[in-house]
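Examination of the molecular architecture
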Amino acid sequence: VENEVALALENNCVVREEIIERIRWSLSIVRLDGMEKKHPADLSGGQKQRLAIAAAIAQKPRILVLDEPTSQLDPVGSQEVFQVVRELNKKLGITVIVSSHAAEEMAEYADRIAVFDRGEMIEMGTPDVVYGDAAAMLKKGIRLPQVTQCFAPLQQRHILSGRLPVRLTEGIDLLPQVQEHSVPSSLTDNQLPDVKNRNTVISMQDLVYRYPDGTEALHNISLDIMQGEYVLLAGQNGAGKSTLVKNIMGLFKPTLGNVLVYGQDPEDIGVSGIAKRIGYISQNPDYQIFNTTVEDEVGYALKLLGYAEKEIKQRVEKSLHEMGQIG
């Protein structure tokens, strides 16, 4: 990790003491301090992205261009990166260009926003002007800040007067104006999904996983997932989410404890058995896309699993249609 940050600095003949200080500074900014000696390949997807940002800002460039810099970062990490970039902009005078869907951060930190559609710039203005035109932005498929999304219907119903808030603090200030129109939630316990009587499809008991370098990524995880549930694994980058999924898939073997899929050890089920039961999409889809056509890619696993050509064709067409990719 430290070599990755140092590479460009060494090529630019920065003195050794300054390189050491910039490594420390840049890694602390992206919350990778303490990982200086790790190999980049051993980092999670989000950590790799933060390392790339650290290597760029360590050079203290005059212009910094970031293409979706926080797409794999947790909310805290995303906020910290944008705060750092803003500081570089304000204190060091670095010109910053960011390509991003992070509407909340763009509203908070950007001076101007340029909106593109099919290769054309269709809007340019301050965050207040761009996000304030909620109807036009939604029509073009632009995600608005959540606070703007919340207040837009109130403006349409003439409950809210004036411009839409685009920052959270502005929304909080507007609450007294709309509070009398609030409607209590009608959701009751009876409407919540009942999973008590469903079958267990995945079960983990005291699961521990340690990487070869000794890092304990999972510590005594016990969890049952029921048929038909929709389960979210939440946590900061490096919290162990991807490691847990790979243990479920049989890609990793638990250090201690066990994982059962439909009551069986993934190792006993085998790769093809897991593939028939679980559809897996990795954090980076480039790791699992390798065929020469979309049709071949979607049908690849079906061929390996021995499906007839006719059924493969039907399944591929159905899948592409459902994903809006026919043609």
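A brief structural summary.

Definitions and limits used
- Residues numbered from 1 in each chain as written.
- Predicted model: local features only at pLDDT ≥ 70, side-chain atom pairs only at ≥ 80, totals over all residues.
- Heavy atoms only, no water.
- Helix = DSSP H or I, 4+ residues; strand = E, 2+ residues; numbered from the N terminus.
- Buried < 20%, exposed > 50% of the residue type's maximum accessible area, 1.4 Å probe, protein only.
- Contact = heavy atoms within 4.5 Å.
- Areas by Shrake-Rupley, 256 points an atom, 1.4 Å probe, with all protein chains shown as cover.
- Lys, Arg positive; Asp, Glu negative; His and termini not counted.
- Charge placed at Lys NZ, Arg CZ, Asp CG, Glu CD.
- Phe/Tyr/Trp six-rings, centres within 6.5 Å; stacked < 30°, edge-to-face > 60°.
- 1 Å grid on protein atoms, 1.4 Å probe; cavity = no way out; pocket = protein on both sides within 12 Å on 5 of 7 lines; lining within 4 Å.
- Points joined across faces, edges and corners; volume = space filled by probe spheres on them.
- Pairing = 2+ DSSP bridges.
- Right-handed = clockwise from strand over helix to strand, strands pointing away.

**Thoughts on the overall build of the protein**
Across its full length, the protein holds 13 helices and seven strands. Overall, the C-alpha framework of the protein stretches about 60 × 60 × 45 Å when taken along its three principal axes. Relative to its 327 residues, the protein shows a buried fraction of 32%. For the protein, the share of sequence-separated contacts (at least 6 apart) that also reach a separation of at least 24 residues comes to 49%. Accessible surface, the protein as shown: approximately 21,200 Å² in total, 52% of it carbon and sulfur. Charge-centre separation for the protein: the mean point of 34 positive side chains lies 2 Å from the mean point of 44 negative side chains.

**A word on the packing of aromatic side chains**
Taken as a whole and assessed by the stated rule, the structure comprises five aromatic pairs. Their ring planes at 85° and their centres at 5.8 Å tell us that tyrosine 211 and phenylalanine 252 sit as a pair that is edge-to-face. With a gap of 41 residues between them, tyrosine 211 in the loop between β5 (200-210) and β6 (216-226) and phenylalanine 252 in the loop between α10 (241-248) and β7 (256-261) connect regions that are remote in the sequence. Note on tyrosine 211: relative accessible area 28%, which makes it partly exposed. Measuring from centroid to centroid gives 5.0 Å for phenylalanine 290 and tyrosine 300, while their planes differ by 85°, and the two rings are edge-to-face. Taken together, the residues span a long stretch of sequence, with phenylalanine 290 in the loop between α11 (266-277) and α12 (294-304) and tyrosine 300 in helix α12 at a distance of ten residues. Accessibility expressed as a relative area gives 52% for phenylalanine 290, which makes it exposed.

**Quick notes on the layout of surface pockets**
In this structure, the second largest pocket occupies an estimated 880 Å³ of space. As for the second largest pocket, its lining consists of 27 residues, of which Val98, Met106, Arg112, Ile113 and Ala114 are closest to the centre. Where the lining of the second largest pocket is concerned, the elements lending two or more residues are α4 (75-92), β2 (95-99), α5 (103-109) and β3 (113-117).

**A closer look at the pairing of β2**
Pairing analysis gives five bridges linking strand β1 (residues 63-67) to β2, with the strands arranged parallel. By the bridge assignment, isoleucine 63 is partnered in β2 with threonine 95. For the segment spanning β1, α4 and β2, crossover handedness is right-handed.

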